[in-house]
Amino acid sequence: MNFFARLYYRHRKLWKAVRLYLVIAGPGIVVMVADNDAGGITTYAATGAKYGYHLIWFLLLLIPVAYYVQEMTVRLGAVTKRGHAEAIFDGFGAFWGWFSLLDLMLVDWLTLVTEFVGMTAALSIFGVPPWLTVAAVIVLMAIIVLHGRYWTFEKLSLLFCALNLIYIPGAFLVHPSVRDILRQGLIPNFAGGFNGQMFFFLMANIGTTIAPWMLFFQQSAVVDKGMLEKDIPWGRFDTLLGSFVTVIVAVFIVVVTGTVLHGVDIDSAAQAAQELMKTDRYVGTFLAIGLFDAGLLGAICISLASSWAFGEIFGWAHSLNTKIRQAPWFYATYFFTLVTAGLVVLIPHAPLVLITLFVQVIAVTLLPAALVFLILLLNDRATMGAYCNTVTQNVIGGFIVTAIVVLSTLYGITVMFPNLFT
């Protein structure tokens, strides 16, 4: 009888923990999966087509990197109850505050353009004209955010996150060689040589896994959700789970294109989907649907990151728990960035593919400054108290910043001296 009683109480304790996590879950998974946006899908598809399975090991290294970076925003938001933009203004003054805000707005807007590029390209495969895609997306995003509840936005976003897993069955349908994946993908190597193109792809993969907008989005989401210090352990778990999901999905995309399209020059995920349809129409369709979903989820989150930041700086009401008449400037900023980015896609002969690839590199180039601000804020013991960064966390954060700066510098050197590493 005691055995069954213990089993019952353990089950009840476990179920209670699961229910508690489901209440807290959201910001970490949403921000991580949203980072597998249209530009990210293009980057992973191009990586697999160019290098096959050889850079899978590099993607796996990004799991702890993404977690350590985003985990800091959970602590900072839950303790200070301030978004990232507001925290920088208060901690470093107006000059650096405006610097970080303008940095964010530039990258956010360019990235938002790439989301529309991905969505229009994905639906064009099915015969939907770009203007209709842009109009439909703006209407859908208006419906999602205008309910006046953060909870509604988050749960709908989690549904889009679930759809992002569509790449996983697609990888099994192309029947990759598990032996080749393990032999080529898990042993660190630089297939094709140590050159500028390799640096470009490494930086693009970092930029699409960790981006400045993610810091602003998750911290503001933590505040808008109302998370407290006691919720930090669950917020950490949510972020860790999201880190695994986003990289594992990226690996499956690389496996798909690395299996079927290795050696084919791929400029976009839409092109990859069309090429895959020649081999297996289901796999190609999965990639196209996933590309649209990724662009939509990314567009929602990136637009909100900018709107939250502007609201924090100008003192406007800036919560999804407010109606449009209570926070007109918050929603105006949201739709302004959304509409202007969507219109760029409709410009005839705009270099959309080039924009998509280089936005990832721009993002990782501007990332070190954002990370330095974040680490310094987490070392303010007077504000953070027991949640201040430890020595280990500072060492890890410093290593991440240094690695990104080194890669950026090496990439710049290879651009100026293209034959240096050949």
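Look up: the structure comes first, before these words.
For the structure given in this document, a descriptive report is provided here. Nothing here was measured: the structure is a model prediction, and the numbers come from that model.

Phi at Lys81 takes a positive value of approximately 60°, unusual for a residue other than glycine. Inspection of the secondary structure puts Lys81 in the loop between helix H4 (56–80) and helix H5 (84–92). Despite not being glycine, His175 has its phi angle at roughly 55°, a positive value. Mapped onto the fold, His175 is located in the loop between helix H9 (167–173) and helix H10 (178–185). With relative accessibility at 67%, the residue His175 sits in the exposed group.

A word on the pattern of salt bridges. Within this structure, the stated rule accounts for six salt bridges. For the salt bridge of Arg75 with Glu71, the shortest nitrogen-to-oxygen distance reads 2.6 Å. Pair noted here: Arg75 and Glu71 are both in helix H4, with a separation of four residues, about one helical turn. Across this residue pair, the class does not change: Arg75 and Glu71 are buried. Note that Arg183 is salt-bridged to Asp180, the shortest N-O span being 3.0 Å. With a gap of three residues between them, Arg183 and Asp180 both fall in helix H10, about one helical turn apart. One connected set of salt bridges, linked through shared partners, spans Glu71, Arg75 and Arg236.

What follows is about the environment of Leu371. Along the polypeptide, Leu371 turns up in helix H17 (residues 352–378). For Leu371, a relative accessible area of 3% puts it in the buried group. C-alpha separation for the pair Leu371 and Gly397, spaced 26 residues apart in sequence, amounts to 7.9 Å. Beyond its immediate stretch of four places on either side in the chain, Leu371 contacts Val69, Leu215, Ile400, Val401 and Ile404.

For an α-helix, 3.6 residues make a turn, and residues three or four places apart therefore share a direction. Helix length check: helix H12 (residues 212–225) (14 residues) gives 20 Å between terminal C-alpha atoms against 20 Å at 1.5 Å per residue, within 8%. Burial of H12 is extensive: twelve of the 14 residues sit out of reach of the surface. The complete set of buried residues in H12 reads Pro212, Trp213, Met214, Leu215, Phe216, Phe217, Gln218, Gln219, Ser220, Ala221, Val222 and Asp224. Count one or two residues on from H12 and you reach Gly226, which has phi positive near 85°.

Attention now moves to the packing of aromatic side chains. For the coordinates displayed, the defined rule picks out 13 aromatic pairs. Ring centres 5.5 Å apart and planes at 65° place the aromatic pair Tyr67 and Tyr68 in the edge-to-face group. Using a relative accessible area of 31% as the deciding quantity, one classes Tyr68 as partly exposed. Relative to Trp96, the ring of Phe95 lies with its centre 5.0 Å away and its plane at 85°, an arrangement referred to as edge-to-face. Look at Phe95 and you get exposed, because its relative accessible area is 61%. Clustering of aromatic rings is evident, with ring pairs tying together Phe92, Phe95, Trp96, Phe99 and Phe373. Against the face of Tyr282 rests Arg281, its NZ or CZ located 4.6 Å from the ring centre.

For the pair H12 and helix H15 (residues 281–314), interaxial distance at closest approach is 9 Å and the crossing angle is 70°. The angle between H12 and H15 falls in the class roughly perpendicular. Residues Trp213, Phe216, Phe217, Ser220, Ala221 and Asp224 of H12 touch H15, and the partners they reach there are Cys301, Ile302, Leu304, Ala305, Trp308, Ala309 and Glu312. Broken down by class, the residue content of the contact of H12 with H15 amounts to ten nonpolar, one polar and two charged.

Together, Trp131, Leu132, Val339, Leu343 and Leu346 make up an exposed nonpolar region whose accessible area comes to about 460 Å². Counting residues per element, the ones that place at least two in the nonpolar patch are helix H7 (130–145) and helix H16 (328–345). Structurally, Leu346 can be placed in the loop between H16 and H17.

Looking now at the packing of helix H14 (residues 269–279) against H15. Packing of H14 against H15 brings their axes to within 6 Å, and their N-to-C directions diverge by 160°. Between H14 and H15, the angle is such that the two are roughly antiparallel. Relative to H15, the crossing made by H14 is left-handed. Mapping the contact onto sequence places Ala269, Ala270, Ala272, Ala273, Leu276, Met277 and Thr279 in H14 and Arg281, Val283, Gly284, Thr285, Leu287, Ala288 and Leu291 in H15.

Turning to the environment of Pro27, a few remarks are in order. Position of Pro27 among the secondary structure elements: in helix H2 (residues 27–34). You can call Pro27 buried: its relative accessible area is 3%. Apart from residues no more than four positions distant in its own chain, Pro27 is found in contact with Tyr150, Glu154, Gln218, Ala221, Val222, Lys225, Met227 and Asp238.

The rules behind these values
Residues numbered from 1 in each chain as written. Predicted model: local features only at pLDDT ≥ 70, side-chain atom pairs only at ≥ 80, totals over all residues. Heavy atoms only, no water. Helix = DSSP H or I, 4+ residues; strand = E, 2+ residues; numbered from the N terminus. Buried < 20%, exposed > 50% of the residue type's maximum accessible area, 1.4 Å probe, protein only. Salt bridge = Lys/Arg side-chain N within 4 Å of Asp/Glu carboxyl O. Contact = heavy atoms within 4.5 Å. Expected span 1.5 Å × (residues − 1). Phe/Tyr/Trp six-rings, centres within 6.5 Å; stacked < 30°, edge-to-face > 60°. Lys NZ or Arg CZ within 6 Å of the ring centre and 35° of its normal. Axes fitted to C-alpha atoms, helices over the stretch in contact; angles between N-to-C directions. Parallel < 35°, antiparallel > 145°, perpendicular 65-115°, else oblique. Nonpolar A, V, L, I, M, F, W, Y, C, P; charged D, E, K, R; others polar. Patch = residues over 30% accessible without salt bridge, like charges linked within 9 Å, V, L, I, M, F, W, Y side chains within 5 Å. Areas by Shrake-Rupley, 256 points an atom, 1.4 Å probe, with all protein chains shown as cover. Left-handed = near helix turned anticlockwise from the far one by under 90°.

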